[in-house]
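Survey of secondary and tertiary structure
Here are the chains, one letter per residue:
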Amino acid sequence: MYQLELSDFTRDEFLRDYWQQKPVVIRGGFSDFQDPLSADELAGLATMEQVESRLVSFVNGQWQAEFGPFQSFEHLAEKNWSLVVQAVDHFCQPAAKLIEPFRFVPNWRLDDLMVCFATPGGGVGPHIDLYDVFICQGSGKRHWRVGDRGEHREFAAHEALLHVDPFEAIIDVELHPGDILYIPPGFPHEGITLETSMSFSVGFRTQSRMNLFSALADHLIDRDIANEMIEDPGRPLSSAPGEINNADYQLIKQQFTQVLADDALMRAFIGSHLSQAKHELDRCEEDIGGYTRGDVSQILKQATEPGAVQPVYNLQRLGGLRAFYFSDMLASGVCYINGEPHPFDVGIAPVIKLLCDQVTLSPQELTSWCENEHFIDFITEQINAGYWYFA
C-alpha cells in the first residue's frame, strides 16, 4: 500500500488552501517509490482492444498522435514520444492501489488512473485540463512547467491534440521518483521527460452544467418518466399573440424546476449517472454466474474459522467499479453500482456502506455478515455479475 506523506500541510489544509484553487508540488509524497507496473506491462495493455491508449510524438517540428490498440512499438525512435494509457486501475490491481492515498476526496469525484511511459524529450505538449490531477512521478525524471489560470488561447496542434499558447510559469520544477504535482482545472501545464520515465496521474472528474443536463435528459428518456404536459386551464385572453408573457415563461420554467425538485427522481439520476463506469470494466467472464449461495457462504465461513489452514480470501472490488450510496438513504435499502440501482435488505446497510467505501474487505470485517442470508444473497449476485471477487 502506498502511503502519502505530506510535510508542508495536512490533508485538511490541502483541501482548504489548494484544492481547485492553485497547483502545488509535494516533494517526496511517496517515499521509496516503485513503479507498480513495468513499461512492458503498460505496452501490453495498449495492445488490448478494450483499453484506451495513444502514442504522442514530436518529430521534425510536428506533433503526431495515434490511437490504440497497437500491434508493435518496434518502429519508434529512442526519443520524443510518449505512450499514454487511460483507466489502468481497471486492468492492473497493483497500479490501482495508487488511488488509495487520495481517498480523502470522495469516490464520486474520481475519474481514473492514467499512466504515461515517455522517452527523453517525450510529452503531450502544453495544454489545459478540465479536471483535478495528482501527477505522481515514477521512475526517471520529468520537467514540469505550470502557468496561472486565466485567458489562454487554445489551438489544435494535431486533430487529436489541443494545445495552448506559450505561458509564463508559476511552477517550474524537475520531478523525481515519489514527487507529486497537483494541478487544478484550468491551469496550463507541460511536462517534458528528461530521462526515460513513468508517471501516474490520479484524475478527478468534474461535471459541467451542460453535461449534467444532457445526462439528465437521457435518464428521463431511457426511463420514460417526467412526461407530464403543460396544463393551463382558465387561461386569460391574449391580446398579443406573438408574446411569451411572464406568466407563460414561469409556467414553462416550472416544468424544469418540478423535475429538479423531485428528490426521488434526482437521487436516482445522480446515483445512476455518477456510478456509471467511464471505461470498460475488466470482468472475468469465466467467473460470471459461476457461484452459488453455498459457494460464497462456505468461502466466507472458512476464512473466519479459528485455526483455518485453507487459503484466506479478501473480498475485492473490481478495478474501476463505481459503487455509491446516499448517507441519508441507506435505510431505504438502495445503493448504486455501475449505473444501476441495487436494492438490499435494510438490515445489511452497514456492510453495504463498507462495500462502497472500501475497495478491499478482509475476512475479519465480514465476520458478522458471513451467515446473514440477505448479505449472502446480495454479494452472490454481485460476484456473479463480476463486480466483486475473492482475492
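This section reports on the structure supplied with the text. (Residues numbered from 1 in each chain as written. Predicted model: local features only at pLDDT ≥ 70, side-chain atom pairs only at ≥ 80, totals over all residues. Heavy atoms only, no water.)

Bringing the overall build of the chain into the picture now. A count of helical and extended segments in the chain gives nine helices and 19 strands. With the C-alpha coordinates of the chain rotated into their principal frame, the extents come out at 75 × 75 × 45 Å. For the chain, the proportion of its 391 residues judged to be buried stands at 45%. The long-range share in the chain, meaning contacts at least 24 apart out of those at least 6 apart in sequence, stands at 80%. Here the chain displays about 20,500 Å² of accessible surface, and carbon together with sulfur accounts for 51% of that area. Within the chain, the 57 negative side-chain charges are centred at a point lying 5 Å from the centre of the 27 positive side-chain charges. (Helix = DSSP H or I, 4+ residues; strand = E, 2+ residues; numbered from the N terminus. Buried < 20%, exposed > 50% of the residue type's maximum accessible area, 1.4 Å probe, protein only. Contact = heavy atoms within 4.5 Å. Areas by Shrake-Rupley, 256 points an atom, 1.4 Å probe, with all protein chains shown as cover. Lys, Arg positive; Asp, Glu negative; His and termini not counted. Charge placed at Lys NZ, Arg CZ, Asp CG, Glu CD.)

What follows concerns the pairing of strand β7 (residues 141-147). In this structure, β7 lies alongside strand β12 (residues 189-195), joined through six bridges in antiparallel fashion. Looking at β12, one finds that Arg142 is bridged to Thr193. Relative to strand β10 (residues 169-175), β7 runs antiparallel, the two sharing six bridges. Across the sheet, His143 pairs through a bridge with Glu174, a residue of β10. (Pairing = 2+ DSSP bridges.)

This next bit is on helix α5 (residues 246-260). Here α5 contains 15 residues, and its C-alpha end-to-end distance of 21 Å stays within 8% of the 21 Å for a straight helix at 1.5 Å per residue. By the largest-angle criterion, Gln254 marks the main kink of α5, which is about 30°. The N-terminus of α5 is capped by Asn245, whose side-chain oxygen sits 3.2 Å from the backbone nitrogen of Ala247. (Expected span 1.5 Å × (residues − 1). Bend = angle between axes of the 7 residues up to and from the residue. Polar contact = N/O pair within 3.5 Å; in protein donor to acceptor, adjacent residues only side chain to side chain.)

A few words now on the packing of aromatic side chains. Tallied over the entire structure, the rule returns 24 aromatic pairs. Note on Phe14 and Phe134: the rings are 5.6 Å apart at their centroids and 40° apart in plane angle, and the pair reads as tilted. Linking Phe14 in helix α1 (residues 11-17) with Phe134 in strand β6 (residues 132-137), this pair joins segments that are 120 residues apart in sequence. The exposure class of Phe14 is buried, given its relative accessible area of 1%. (Phe/Tyr/Trp six-rings, centres within 6.5 Å; stacked < 30°, edge-to-face > 60°.)

With that out of the way, let us pick up the environment of Arg283. Tracing the backbone shows Arg283 in the loop between α6 (263-275) and α7 (293-304). Placed 193 residues apart in sequence, Arg283 and His90 show a C-alpha to C-alpha distance of 9.2 Å. Dropping the residues within four chain positions of it, Arg283 is found in contact with Ile288, Leu318, Ala385, Gly386 and Tyr387. Engagement of the side chain of Arg283 in a polar contact is seen with the backbone oxygen of Ala385, the distance being 2.7 Å.

Moving on to empty space enclosed by the protein. According to the stated counting rule, one finds three cavities of 30 Å³ or more in the structure shown. By volume, the largest cavity amounts to about 40 Å³. Taken together, Leu6, Ser7, Asp8, Phe9, Val25, Ile26 and Arg27 form the lining of the largest cavity. Its residues assigned to classes, the lining of the largest cavity comprises four nonpolar, one polar and two charged. (1 Å grid on protein atoms, 1.4 Å probe; cavity = no way out; pocket = protein on both sides within 12 Å on 5 of 7 lines; lining within 4 Å. Points joined across faces, edges and corners; volume = space filled by probe spheres on them. Nonpolar A, V, L, I, M, F, W, Y, C, P; charged D, E, K, R; others polar.)

What follows concerns helix α9 (residues 373-384). Under the 1.5 Å per step criterion, the end-to-end length of α9 is 16 Å for twelve residues, consistent within 8% with the ideal 16 Å. Within the span of α9, buried status applies to Phe375, Ile376, Phe378, Ile379, Thr380, Gln382, Ile383 and Asn384. The N-cap of α9, judged by a side-chain oxygen 2.9 Å from the amide nitrogen of His374 a few residues on, is Asn372. Note on α9: the residue one or two positions beyond its end, Gly386, has a positive phi of about 85°.

Time to look at the side chain of Ser53. With respect to the secondary-structure elements, Ser53 resides in strand β2 (residues 53-59). Excluding residues within four positions of it along the chain, Ser53 makes contact with Ala46, Glu66, Phe67, Gly68, Phe70, Val84 and Val85.

Below, the discussion takes up the pattern of salt bridges. The full count for this structure, using the stated rule, is 13 salt bridges. The closest approach of N and O atoms between Lys353 and Asp357, which form a salt bridge, is 2.8 Å. One end of the pair is Lys353 and the other is Asp357, both in helix α8 (residues 349-357) and four residues apart, which spans about a single turn. The partly exposed category is assigned to Lys353, whose relative accessible area is 36%. (Salt bridge = Lys/Arg side-chain N within 4 Å of Asp/Glu carboxyl O.)

The subject of this paragraph is a nonpolar patch on the surface. Taken together, the side chains of Ile230, Ile244, Tyr249, Ile252 and Phe256 make up a nonpolar region of the molecular surface, amounting to roughly 530 Å² of accessible area. Tracing the chain through its elements places Ile244 in the loop between α4 (209-223) and α5. Residue class for Ile244 comes out exposed when judged on its relative accessible area of 65%. (Patch = residues over 30% accessible without salt bridge, like charges linked within 9 Å, V, L, I, M, F, W, Y side chains within 5 Å.)

As summarised here, the arrangement of the three strands in space is β15-β16-β17, forming an open sheet in which the pairing is antiparallel. The open sheet is flanked by β15 (323-324) and β17 (340-343), the only strands paired with a single partner. Of the strand pairs in this sheet, β15 and strand β16 (residues 334-337) are connected by two bridges, and their pairing is antiparallel. When the sheet's bridge partners are listed, Phe324 is paired in β16 with Tyr336. Packed onto the sheet, α6 meets β15, β16 and β17 and runs at close to 35° relative to β16. Sheet strands touched by α9: β16 and β17. Its angle to β17, the strand with the most contacts, is close to 150°. (Axes fitted to C-alpha atoms, helices over the stretch in contact; angles between N-to-C directions.)

Attention now moves to the sheet that holds strand β19 (residues 388-390). With antiparallel pairing, the three strands of this open sheet are ordered in space as β18-β14-β19. The open sheet is flanked by β18 (360-361) and β19, the only strands paired with a single partner. Helix-sheet contacts for α8 involve β14 (315-317), β18 and β19, and the interaxial angle to β14 is about 55°. Across the sheet, α9 lies against β14 and β19, angled at about 95° from β19, the strand it touches most.

Any functional reading would require information beyond the geometric quantities listed.
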